[in-house]
Amino acid sequence: QVQLVESGGGLVQAGGSLRLSCAASGFTFSGYAMAWFRQAPGKEREFVAAVSWAGTTTDYADSVKGRFTISRDNSQNTVLLQMNSLKPEDTAVYYCAADRTFGRPRVGREEYDYWGQGTQVTVSS
């Protein structure tokens, strides 16, 4: 049974930091690119960051470049999202997703095969 379980969300003041974690099971983790998406109330789910299967290539939405860092540990089947300098507009439910590709990580949500349940991140001003 495929599972992606996110953790690490919470309430933080603007300028603060959070680290999200996603634990994967039930599939060959090292054969998948991994990504984080987010969805704010009333908005579409949007791409945040992605990392290739080997962890050597990353991609970020312009809105988070220089503030967020995605990484993965294939020995632990986990993917992390370090979020610094958080802003109120970062408030959203954050989702972990897996895409079966050995190519460059993709940004379209329709490319992703598996999704987690999400974790809430709230940034107060």
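This structure is a prediction, so every number in the text was calculated from the model and none was measured. Residue indices follow the written sequence of each chain, beginning from 1 at its first position. The predicted origin of the model limits local features to residues at a pLDDT of at least 70 and limits the giving and counting of side-chain atom pairs to 80 or more, whereas totals for whole chains, interfaces and linings rest on all residues. As a convention, hydrogens and water are excluded, and side-chain values are obtained from all of the structure's heavy atoms.

**Thoughts on the state of the cysteines**
Chemically, a disulfide is nothing more than a covalent bond linking the sulfur atoms of two cysteines.
Point 1. Here, a disulfide means two cysteine sulfur atoms that sit within 2.5 Å of each other. Within this structure, the stated rule accounts for 1 disulfide.
Point 2. A sulfur-sulfur distance of 2.1 Å marks the disulfide that ties cysteine 22 to cysteine 96. Residues cysteine 22 and cysteine 96 are joined through a disulfide that is left-handed, its torsion about the S-S bond being -80 degrees. Of this pair, cysteine 22 sits in strand E3 (residues 18-25) while cysteine 96 sits in strand E9 (residues 92-99); the two residues are 74 residues apart in sequence, bridging distant segments of the chain.
Point 3. Accessible area is worked out with a 1.4 Å probe on protein chains only. A residue is then buried under 20% of its type maximum, exposed over 50%, and partly exposed in between. The exposure class assigned to cysteine 96 is buried, which follows from its relative accessible area of 0%. Each helix is a run of H or I in the DSSP string that is no shorter than four residues. Each strand is a run of E no shorter than two, and both are numbered from the N terminus.

**Concerning the packing of aromatic side chains**
Point 1. Aromatic rings from Phe, Tyr and Trp, taking only the six-membered ring of Trp, are treated as a pair when their centres fall within 6.5 Å; an angle between ring planes under 30 degrees marks them as stacked, one over 60 as edge-to-face, and anything in between as tilted. In this structure the tally under the stated criterion is 9 aromatic pairs.
Point 2. A ring pair is formed by phenylalanine 27 and phenylalanine 29, whose centres lie 6.4 Å apart and whose planes are at 55 degrees; its orientation type is tilted.
Point 3. By relative accessible area, which is 2% here, phenylalanine 29 ends up buried.
Point 4. Each member of the aromatic cluster is reached from another via a ring pair, and the members are Phe27, Phe29, Tyr32 and Tyr114.
Point 5. Against the face of tyrosine 95 rests arginine 45, its NZ or CZ located 3.6 Å from the ring centre.
Point 6. Note on criteria: charge over ring means Lys NZ or Arg CZ within 6 Å of the ring centre, with the direction from the centre no more than 35 degrees off the ring normal. When the ring centre of tryptophan 115 is taken as origin, the NZ or CZ atom of arginine 45, which lies over that ring, is 5.0 Å away.

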